[in-house]
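Take a look at the letters that make up each chain.
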Amino acid sequence: MAVAVVLTNAYYLRFLEPGISRGILGAALFGLGAMVAALASWDRPRTADDWRALARRGAEPALLVVILGLAFGLRLWGITASLPQSYVADEYDFVHAGLRMIKGGDLNPHWWFHPSLQRYMAVATYAVVFILGVPRGRWVHVSDITVEDMLYWGRFVGVMSGTLTVLVAYLLGRKVFGSRVGLLSAALLAVFPATVQHSQYNKPDPVIALMTAASVYVTLLYLERGGHGYALASGMAVGLAASAKYNGILVVVPFVLAVLFRHGAQALARPDLYVGGVGTFLGFLMGCPFFLTEIHLFLDQIAYDISTYAYEGREGAEGVDNWWGHATYTYRYGAGFAASWAALGGLALTLWRINPARAVFLTFPVMYYGYYGAQRINFRGNLIPVYPFLAVVAAYAVVELIEWLGRSPLARKRFVVPALAALVLSLVIVPPLRTAIRFDIEATRPDTGTFAREWIDRTFPPGTKFAVERFTPVLDPKRYQIVQESRLVNRSVRSYRDEGVQYLIVSSMAYTRYAAEHNQTRSYVKLMTICPTVATFDPIPNQRVGPTIKILRVPPASSGDETP
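Described in the following lines is the structure provided in the data block. (Residues numbered from 1 in each chain as written. Predicted model: local features only at pLDDT ≥ 70, side-chain atom pairs only at ≥ 80, totals over all residues. Heavy atoms only, no water.)

Overview of the overall build of the protein
Step number 1: For the protein, the count of helices and strands is 22 helices and five strands.
Step number 2: Expected size for 564 residues packed as a compact globule is a radius of gyration near 24 Å; at 27 Å, the protein falls within 12% of this value.
Step number 3: Considering only contacts in the protein between residues 6 or more positions apart, those separated by 24 or more positions represent 74%.
Step number 4: Charge centroids of the protein, computed over 51 positive and 38 negative side chains, lie 8 Å from each other. (Helix = DSSP H or I, 4+ residues; strand = E, 2+ residues; numbered from the N terminus. Rg over C-alpha atoms; globule rule 2.2 N^0.38 Å. Contact = heavy atoms within 4.5 Å. Lys, Arg positive; Asp, Glu negative; His and termini not counted. Charge placed at Lys NZ, Arg CZ, Asp CG, Glu CD.)

Here it is in structure tokens:
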């Protein structure tokens, strides 16, 4: 088999391609060889009882693999949305910052409004993709990479983080409530529309969801087994969670509670708490290795974040009644109606049957939800770390209900309980699954930017000079002259004209972001008054997604030189 794998990449087999890939054939032979080796080495089942025992042992891992495959597929499906354009706020900035590290050789982010763990994960992914693309002729130099090249792979980091979070939800559910709850927890988290959606963005939210869930799991291991090693591991997990997003530091509370449960009044006299503190510092240092070198900037920007979320708010992202708003979002879209009510029932049941492990498990999601419910800013992605825990308590309620039905008089009738169990499972899984699929279908429809770009290519000759802003079509720089601005109203029409710009391309994500009385909105209104509209590309329900794209013509000097 090894010789066959080598020969499948031989030159004489080139006649197979492109109909049959020699690489795929080699991989298939390699897999077949592994299966043969496994069957030859393992003690194969021989009797019916042996096969039944094997099926029982293999059922749980097989179901888990199917669930993880579903989670990965749902998350991967939507990451091609709108490419090479991006309509996700801040996504260009995240990718650009990562590429600047690779191209400039400076791994210090010099930017601390978010910690740097997710950025380093993205940078590592970009580097691997670059190396793998070189043999295929995609790139020759690092400087050849563009932001558009890596938008997909930045989102892929979120896909992998979201899929791994499903695995951690299984581990949490199994650790606290048993294997059945673990499997159902994973299934629910796999299909929750909010987790599917936010795992497709090049942002820290899926990473912090993974790290906080993993931190609680490691803390539960410490609670169960104790020891300085587990205390250090718990602290490091807390530090890594905080290095994904600063609010992840709340996960330190379950660790402190676990120490109190293990040592009681002697907690301060035992080393576990201090070992965990050292681990927290080390974990944060692993994710943010340069924060001490710019401690003044680090503290200033953290202070800005705290002040903005707690007191000042942010225009365009106002959070009013966030406690109720997050709940409404969760049952209407994020997790679905049935799963949300099941989670409330599971929470009540967990509190009724509370024990140290369950108290440690519940501490983070309850505190985190309360914390974000009190903020002055409302970003839906901030709520995602709660969803693994929501899935676990919802699964607990459903499993308890099914087991209660199995003990009830209904169990005397052979098919009644299985039918009711199937109905209950369908109610909590199918609606969010359908919503997640609809989201992926809608997200991957043709977008306004693509239609605009194709129209531009048909309409304007090569060499036409455009000024473009974020969230607009990505034009071919070899065909057109392009001036890039974050917002076109940052400059005057006269300055564009003097630079030779012939057309401006604006996006509704900029010109309708704020209310009509906002200065930016007024500036865009003035810009569109000065520059006549050449073409408009609007989203069409069930056909075309994205913002409204407008192409404006820069008028001659006699038409006015006003500054927007």
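There is more to say, and it comes next.
Side note on the packing of helix 10 (residues 228-244) against helix 12 (residues 272-287)
In a pair of packed helices, the angle between the axes and the distance between the axes together describe the arrangement.
Step number 1: As a packed pair, helix 10 and helix 12 sit with axes 6 Å apart at the nearest point and diverge in direction by 40 degrees. Relative to helix 12, helix 10 is oriented oblique. Note that helix 10 runs across helix 12; the crossing there is right-handed. Where helix 10 abuts helix 12, its residues His228, Ala231, Leu232, Gly235, Met236, Val238, Gly239, Leu240, Ala242 and Ser243 lie against Asp272, Val275, Gly276, Gly279, Thr280, Gly283, Phe284, Met286 and Gly287.
Step number 2: Residue classes in the contact of helix 10 with helix 12 are distributed as nine nonpolar, nine polar and one charged. (Axes fitted to C-alpha atoms, helices over the stretch in contact; angles between N-to-C directions. Parallel < 35°, antiparallel > 145°, perpendicular 65-115°, else oblique. Left-handed = near helix turned anticlockwise from the far one by under 90°. Nonpolar A, V, L, I, M, F, W, Y, C, P; charged D, E, K, R; others polar.)

Some points on the sheet that holds strand 4 (residues 533-537)
To summarise the sheet geometry, strands pair through backbone hydrogen bonds and adopt either a parallel or an antiparallel arrangement.
Step number 1: Pairing within the open sheet is mixed, and its five strands lie in the order 2-1-3-5-4. Strands at the two margins of the open sheet, each flanked by one partner only, are strand 2 (481-484) and strand 4. On average, each strand axis in the sheet is inclined to that of its neighbour by 20 degrees, with strand direction left out of account.
Step number 2: Here strand 1 (residues 465-468) runs beside strand 3 (residues 503-507); their pairing, made up of three bridges, is parallel. Within strand 3, the position partnered with alanine 467 by the bridge is leucine 504.
Step number 3: Sheet strands touched by helix 19 (residues 448-459): strand 1, strand 3, strand 4 and strand 5 (549-553). Its angle to strand 4, the strand with the most contacts, is close to 140 degrees.
Step number 4: In the packing of helix 22 (residues 519-530) onto the sheet, the strands contacted are strand 3 and strand 5, and the crossing angle to strand 3 comes to about 145 degrees. (Pairing = 2+ DSSP bridges.)

Side note on the packing of aromatic side chains
Step number 1: Counted under the stated rule, the structure contains 32 aromatic pairs.
Step number 2: Between tyrosine 152 and tryptophan 153 the ring centres are 5.0 Å apart and the planes differ by 80 degrees, which places this aromatic pair in the edge-to-face class.
Step number 3: Note on tryptophan 153: relative accessible area 29%, which makes it partly exposed.
Step number 4: Seen in terms of ring centroids, phenylalanine 364 and phenylalanine 389 are 5.6 Å apart; in terms of plane orientation they differ by 55 degrees. Their pairing is tilted. Within this pair, whereas phenylalanine 364 is found in helix 16 (residues 356-373), its partner phenylalanine 389 is found in helix 17 (residues 387-407), the two being separated by 25 residues in sequence. Residue phenylalanine 364 shares its accessibility class with phenylalanine 389, and that shared class is buried.
Step number 5: Members of the aromatic cluster, connected to one another through ring pairs, are Phe177, Phe361, Phe364, Tyr368, Tyr371, Tyr372, Phe389 and Tyr396.
Step number 6: When the ring centre of phenylalanine 451 is taken as reference, the NZ or CZ atom of arginine 544 above it lies at 4.6 Å. (Phe/Tyr/Trp six-rings, centres within 6.5 Å; stacked < 30°, edge-to-face > 60°. Buried < 20%, exposed > 50% of the residue type's maximum accessible area, 1.4 Å probe, protein only. Lys NZ or Arg CZ within 6 Å of the ring centre and 35° of its normal.)

Thoughts on helix 13 (residues 295-312)
Step number 1: With 18 residues, helix 13 should cover 26 Å at 1.5 Å per step; its first-to-last C-alpha distance of 24 Å lies within 8% of that length.
Step number 2: Within the span of helix 13, buried status applies to Phe298, Gln301, Ile302, Asp305, Thr308 and Tyr309. Viewed end-on, helix 13 has its buried residues packed into an arc of 125 degrees, placing them on one side of the element. Those residues of helix 13 that are exposed and aimed more than 90 degrees away from the buried face are His296, Asp300, Ile306, Tyr311 and Glu312.
Step number 3: For helix 13, the elements touching its buried residues are helix 12 and helix 16. (Expected span 1.5 Å × (residues − 1). Arc of directions from axis to C-beta.)

Some details on the pattern of salt bridges
Step number 1: Counting across every chain of the model gives eleven salt bridges.
Step number 2: In this structure, arginine 479 engages aspartate 457 in a salt bridge whose closest nitrogen and oxygen atoms are separated by 3.8 Å. Placement of arginine 479 in the loop between strand 1 and strand 2 and of aspartate 457 in helix 19 is noted, with a sequence separation of 22 residues between them.
Step number 3: With a closest N to O distance of 2.7 Å, arginine 491 and glutamate 499 form a salt bridge.
Step number 4: Looking at glutamate 499, the relative accessible area reads 34%, which means it is partly exposed.
Step number 5: Connected through shared salt-bridge partners, Glu485, Arg491 and Glu499 make up one network. (Salt bridge = Lys/Arg side-chain N within 4 Å of Asp/Glu carboxyl O.)

With respect to unusual backbone geometry
Step number 1: Cis geometry marks the peptide bond from leucine 83 to proline 84; its omega dihedral reads 5 degrees.
Step number 2: If you trace the backbone, proline 84 turns up in the loop between helix 3 (48-77) and helix 4 (91-104).
Step number 3: The phi dihedral of aspartate 90 is positive, around 75 degrees, even though this residue is not glycine.
Step number 4: In this structure, aspartate 90 sits in the loop between helix 3 and helix 4.
Step number 5: For aspartate 90, a relative accessible area of 43% corresponds to the partly exposed category.
Step number 6: Of note in the backbone geometry, asparagine 542 takes a positive phi value of approximately 65 degrees without being a glycine.
Step number 7: Summarising the element assignment, asparagine 542 is placed in the loop between strand 4 and strand 5.
Step number 8: By relative accessible area, asparagine 542 is classed as exposed at 56%.

In short, shape yes, function no, at least from these values alone.
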